[in-house]
Amino acid sequence: MILNANRRQRVEENIITHVVRAIAGKGKISVKDGQEVTPEQILASFEMNPGFWSIDLAKKLKVKNPDGEKYLQRAIGSRIYKGELLAFKKELLGERIVTSPTDGVVDRYDKEKGEVVLKFFSKSIPLTAGVFGIVAKVDSGRGEVIIKTMATEVYGVLGAGRERGGELVVFDHGDNIVSKEQINKNLERKIIVGGAIIYGEALKKAAQLGVSGIVSGGFNARDFISMAGGLDPNHRLGNDPGMSILATEGYGALPTGEDILSVVKGHSGKFAFLFGNERRLLLPSTEADSIIRLRKVELPLHRWPHSASISIGEIRIGSRVRVIWPPFAGWQAKVVALDQIPTTLSSGISTYLVTVETAHRKLKVPCPNVELI
Amino acid sequence: MSKLSGVFELFPSLDRIPLENITSWLPRKVEPHSLENFIGNRILYPQSVSATEEEMEIDLALLREAVRLQNSPFLKKGSGDIVIPNLFENRFPLIPLVWALIDSLKLKPVVKVLIKRGTILQTVGSVVSLANFKNGETIEVKLGEKTLKLQEGSLTRIPLERRSEKIAVNNQKFFNLTGGRAGVFLDLRSKNDIER
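Report on the accompanying structure. (Residues numbered from 1 in each chain as written. Chains lettered and ligands numbered in written order. Predicted model: local features only at pLDDT ≥ 70, side-chain atom pairs only at ≥ 80, totals over all residues. Heavy atoms only, no water.)

## Here's the deal with the overall build of chain A
Consideration 1: A count of helical and extended segments in chain A gives 5 helices and 31 strands.
Consideration 2: In terms of overall dimensions, chain A has C-alpha extents of about 100 × 55 × 35 Å along its principal axes.
Consideration 3: Within chain A, buried positions represent 49% of all 373 residues.
Consideration 4: In chain A, once contacts between residues fewer than 6 apart in sequence are set aside, the share between residues at least 24 apart is 64%.
Consideration 5: Surface summary for chain A: the accessible area is close to 18200 Å², and the carbon and sulfur share equals 49%.
Consideration 6: Seen as two clouds, the 51 positive and the 41 negative side-chain charges of chain A have centres 3 Å apart. (Helix = DSSP H or I, 4+ residues; strand = E, 2+ residues; numbered from the N terminus. Buried < 20%, exposed > 50% of the residue type's maximum accessible area, 1.4 Å probe, protein only. Contact = heavy atoms within 4.5 Å. Areas by Shrake-Rupley, 256 points an atom, 1.4 Å probe, with all protein chains shown as cover. Lys, Arg positive; Asp, Glu negative; His and termini not counted. Charge placed at Lys NZ, Arg CZ, Asp CG, Glu CD.)

This is the structure:
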């Protein structure tokens, strides 16, 4: 009796692919097509404007809204630093002084609202390559540098969000709940991996704090729907919920698979790319020698992105499998026995069972409820 | 590249079925978030099977609602007989499956239940809708040597392994029914009894 199961690709090592590094504001790209780059190499610098601050000046000076501008002590367009004199009004029995609450540029005075608007100083931010690679194309118009690089692909089963890059932070255990308290400012612009599930409140906090991405064993369907727009990954709307997310196992609290966790742990602290809508995590090679292989390989710029392949395989003694249905969903184990006659389950279905062994126990699982790794 | 599939892949709109429609079929309370996760994982892993009675109840409720949205694979043109593809026979226990299909499909007064294996159709039972024949609250049904008094609003299954049997309703209407593994289902429910 031959028992079959799906074999779903989860990790693909040493593939050659393109990554896109893009500047988020006005800037200048300093690399050229064909140039070889290292992870810490600066590709470009760009100006980022962190925003504005409004001060209700007319109210503070107790004047009519249009008149507030007369009392400004700095010209529109001039720089000012925190604590410096911004406005001054002499009165019969004293004076009114307004100082700047922050560093910035006096951008404008709004006569209708009686407000002076300070623009924060622009910051110059460097864009590093993040990978060993060869520049395939510089697109100055879009502010993008496309780099050919060697990487390991990790495929999940559901995800949302556009491509985002960041330093990988791997939680030690793949079977815990990632709590709101574990999400802090130190995780800004990073990609978190690990945990069985992260709930809605923690996801929202992560998005607010600017976490680039989250990879977890599972998500609650309700949380995923609110971020991705739908339950069925085949009906993807290509949403971007402000952060990229990827589940490696399915819906619910499911431990991140050991096959994925072991690969990702080796990449902890290094740069990675998360493509939520494509359900994949890209771990660029950390070996400088990878450039030698890249020099020999031509890769067309316009090609379909990688996607996980699923094929049918035979379950044999010794096969490594992943349980995909409760009560042991997410567990990975080795097949030690195959039943030769079917068993009727309490659900009323008759099917063949396989005996699998994990590090801690043996269990019998219906063969449709496993996938080959 | 081919892969193992499952019955629910035939229904592309599973994620659009309102949760309350599914829970209304369930005899036990299921937390909404658990039910949503269950449906999501059915979509991700359509080849998986229910291991427990509770999971099968959810699968049958899901099937009822999915068939209501899209009943075409199950009704034979012309006769209106129920046709169960082989894939479904392996995935659900037969009698609850027929029950679920009776709940979801708009059936003619007398139909057979057939299982399709390749090009072969095997009769496994029959369904008789008796809602039009009610006379007060109960009707009398004679099936072979058995006489049954059935309540209005009920759905009753009678085992009938024999290929053919005569049925008499209130000694007024007579049918020839085909039996089989599923037996004969006598449905005295009105449309309102089935709809929520």
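## A closer look at the pattern of salt bridges
Residues and elements named next belong to chain A.
Consideration 1: All chains considered together, the criterion is met by 33 salt bridges over all chains.
Consideration 2: With a shortest N-O distance of 2.8 Å, R108 and D107 are connected by a salt bridge.
Consideration 3: The class for R108 is partly exposed, based on a relative accessible area of 41%.
Consideration 4: Look at the salt bridges and you will find they share partners, linking R8, R10, E249, D259, R322 and E371 into a network. (Salt bridge = Lys/Arg side-chain N within 4 Å of Asp/Glu carboxyl O.)

## Structural notes on the interface of chain A and chain B
Consideration 1: Between chain A and chain B, the contact holds 36 residues from the first and 30 residues from the second.
Consideration 2: Summed over both sides, the interface between chain A and chain B buries roughly 2800 Å², with carbon and sulfur atoms accounting for 59% of that surface.
Consideration 3: Counting every contact that joins chain A to chain B gives 1 salt bridge.
Consideration 4: Among the salt bridges present, the one from E36 of chain B reaches R222 of chain A, with a minimum N-O distance of 2.3 Å.
Consideration 5: For the side of chain A that touches chain B, the element with the most residues is strand β1 (residues 4-8) of chain A, which contributes 4 residues.
Consideration 6: Here the side of chain A that touches chain B is composed, by residue class, of 18 nonpolar, 12 polar and 6 charged. (Buried area = accessible area lost by both parts, 1.4 Å probe. Nonpolar A, V, L, I, M, F, W, Y, C, P; charged D, E, K, R; others polar.)

## Focus on the pairing of strand β4 (residues 138-143) of chain B
Side chains on a regular strand alternate between the two faces of the sheet.
Residues and elements named next belong to chain B.
Consideration 1: Burial along β4 is one-sided: I139, V141 and L143 are buried, while T138, E140 and K142, pointing the other way, are not.
Consideration 2: Relative to strand β5 (residues 146-151), β4 runs antiparallel, the two sharing 6 bridges. Within β5, the position partnered with L143 by the bridge is K146.
Consideration 3: In sequence, β4 turns back onto β5 through a hairpin of 2 residues, with G144 there showing a positive phi of about 65°. (Pairing = 2+ DSSP bridges.)

## Some remarks on the packing of helix α2 (residues 32-44) of chain B against helix α3 (residues 53-69) of chain B
All names here are of chain B.
Consideration 1: Contact geometry for α2 and α3: axes closest at 12 Å, N-to-C directions at 75°. As the angle between them shows, α2 and α3 are arranged roughly perpendicular. Facing α2, whose interface residues are L35, F38, I39 and R42, α3 presents E55, I58, D59 and L62.
Consideration 2: Looking at the contact of α2 with α3 residue by residue, the class counts come to 5 nonpolar, no polar and 3 charged. (Axes fitted to C-alpha atoms, helices over the stretch in contact; angles between N-to-C directions. Parallel < 35°, antiparallel > 145°, perpendicular 65-115°, else oblique.)

## Looking at the sheet that holds β1 of chain A
Residue and element names in this part refer to chain A.
Consideration 1: Judged by pairing direction, the sheet is mixed, and its 7 strands sit side by side in the order β24-β1-β31-β25-β26-β29-β30 without closing on themselves. At either margin of the open sheet sits one strand with a lone partner, and together these are β24 (310-314) and β30 (362-366). Geometrically, the sheet is characterised by an average inter-axis angle of 50° between neighbouring strands, direction not taken into account.
Consideration 2: Judged from the 3 bridges that link them, strand β25 (residues 320-323) and strand β31 (residues 370-372) form a sheet pairing that is antiparallel.

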